[in-house]
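# Structure assessment
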Amino acid sequence: MKIETIMPADIARQHLHQVRFEHRGHHLLLPTNVSFSGCRRTLIMGPNGAGKSLLMRLAHGLLRPSGGHIRWEGAPPVQAMVFQRPVLLRRSALDNLTYVLAVQRVPRAQRKAQALNALERFGLAALAKRPARVLSGGEQQRLALARAWLLNPSVLFLDEPTSALDPAAIKAVEDAVNAFHQQGTRIIMTTHDLHQARRLADEVLFMHGGQVLEQSPTEHFFEAPGSPQASAFIRGELVW
Amino acid sequence: MPVSDNPFYTALALILGMDQRLFDIVTLSLQISLIAVLVACLLALPLGAALALWRFPGRNIVIVMLNALMGLPPVVAGLCVYLLLSRAGPLGQWGLLFSPSAMVIAQVILVLPIIAALTRQQVESLHNEYDEQLRSLGLSPLRMIPTLLWDARFGLLTVILAGFGRASAEVGAVMIVGGNIDGVTRVMTTSIVLETSKGNLPLALGLGIVLLSLVTLINALAHVVSETAKRRLG
């Protein structure tokens, strides 16, 4: 995978002020204050049901908070999201990519070349004509990343993108995440995998029971976690 | 039973004889039903998709009404179109009553609710799967409609066939608004009614077999097309 080094552009800071989320009387996210800034790789960690995906969907704008507000310092940047189970259209791999270019109003004449370029970059060139839904799990996730790549996002959200993949496919996804980062994209990603967090994260945001317990640099988080729940989580003990 | 009384023999003789009158009746039947289904699709596919995507007050009432209209008796639809198009009716000056156009209008009214209601179901389940991804890509609900319709295309083919089945099988509506005029508005189903009432049961049954074969052929073609495409696209 080629990696171009482009100086990270200044990406608008994002602030979540007292953001909370309720669904049918359940408080799924308690009032939360979080900021995302710079071109960092933030990994959101925590046990199932901690509210990781929820926080990300709120930040991305897929969900409206029940309270509080979300503010960008400056114009909201281009964002993209890669989901745990890639949602691919019932078309060929190539058509999945030309589709987003059409949505972006890229002139028709340029779409195919750009799409092929992205397929090439993510090692999918040989699969261009194959229906996206018959690709393997790893190939599908790479296609989802290629699609996000075409959007040229300043902020990329990833919701447990490797949870259903084998080690080789996980490696490919992590390489892709780093390629985005090298290009100057802010990464916000959820994971259960402690090793993955050590490999990828610039900072860790630890959640538990619908609350953000800490947001600290990776080394600091693993050496001196700021909460008993986080240290239990790092030791691999179940936390509920 | 003499050979001429055997409906299968009659059907075979009708087909092999390439009877010009039979040919005209079959052509007219197919023309009317296919045009009706085409017009109904143009209206009902976007309508069904819109109903799947938009949340508005009274949406559930609209869905229940649409589902109920799937069971609209053809004679009632025929009667309504008859009243609209008759000389004294609001659209009387169009002079469409007892013409193939009137039959198309009546069949559109019968087929539209079926295609719209079933499209709504198909698109709604696909929308559940696609919604977050499409919104993440920045699509408005309006822009989602063509995407969802295209990606639901295999399921929608069955929906359209259900509509075509309704159109080609019904007799009440085309009888009332078409009048079963020989050479003008006589179709397969109205001929069958006529031959039955005349007591010419072998011919009636023969026509029935021809009609059934045609519908089967069209469904088989659609099935082969969709299965091949499905296998290729996963």
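Since the model is a prediction, treat every value here as computed from it, not as a measurement. (Residues numbered from 1 in each chain as written. Chains lettered and ligands numbered in written order. Predicted model: local features only at pLDDT ≥ 70, side-chain atom pairs only at ≥ 80, totals over all residues.)

## Focus on the pairing of strand β1 (residues 14–23) of chain A
All names here are of chain A. The sheet contact formed by β1 and strand β2 (residues 26–36) spans seven bridges and is antiparallel. Along β2, the bridge assignment pairs leucine 16 with valine 34. Hairpin connection of β1 to β2: two residues between the antiparallel strands, including arginine 24 at a positive phi of 50°. Sheet topology note: the β1/strand β4 (residues 67–72) ladder contains five bridges and is antiparallel. (Pairing = 2+ DSSP bridges. Helix = DSSP H or I, 4+ residues; strand = E, 2+ residues; numbered from the N terminus.)

## Side note on the sheet that holds β1(A)
All names here are of chain A. Strand order in the open sheet formed by three strands is β2-β1-β4, and the pairing between neighbours is antiparallel. This sheet does not close on itself; its edge strands, each paired only once, are β2 and β4. Shown here is a sheet whose adjacent strand axes are inclined to one another by a mean of 20°, direction ignored. The strands that helix α1 (residues 52–60) touches are β1, β2 and β4; relative to β1, the one it contacts most, it runs at about 120°. (Axes fitted to C-alpha atoms, helices over the stretch in contact; angles between N-to-C directions. Contact = placed C-beta atoms within 7 Å.)

## Focus on the environment of B:Leu112
Residue and element names in this part refer to chain B. Within the secondary structure layout, leucine 112 lies in helix α5 (residues 100–136). The sequence separation of leucine 112 and arginine 55 amounts to 57 residues, and the corresponding C-alpha distance is 21 Å. Each residue touching leucine 112, except ones within four places of it in the same chain, is listed here: Ala40, Leu43 and Ala44.

## Let's talk about the interface of chain A and chain B
The interface is formed by 13 residues belonging to chain A together with 13 residues belonging to chain B. Where the side of chain A that touches chain B is concerned, the elements lending two or more residues are β5 (79–82) and α2 (93–103) of chain A. Residues that form the side of chain A that touches chain B fall into these classes: 10 nonpolar, one polar and two charged. (Nonpolar A, V, L, I, M, F, W, Y, C, P; charged D, E, K, R; others polar.)

## Quick look at the sheet that holds β5(A)
Residue and element names in this part refer to chain A. The strand order β5-β6-β7-β3-β8-β9 describes an open sheet built from six strands, whose pairing is mixed. Edge strands, defined here as strands with exactly one partner in the open sheet, are β5 and β9 (211–217). Ignoring which end each strand starts from, the neighbouring axes of this sheet average 15° apart. In this structure, strand β3 (residues 41–45) lies alongside strand β8 (residues 203–208), joined through four bridges in parallel fashion. What sits directly across from threonine 42, in β8, is glutamate 203.

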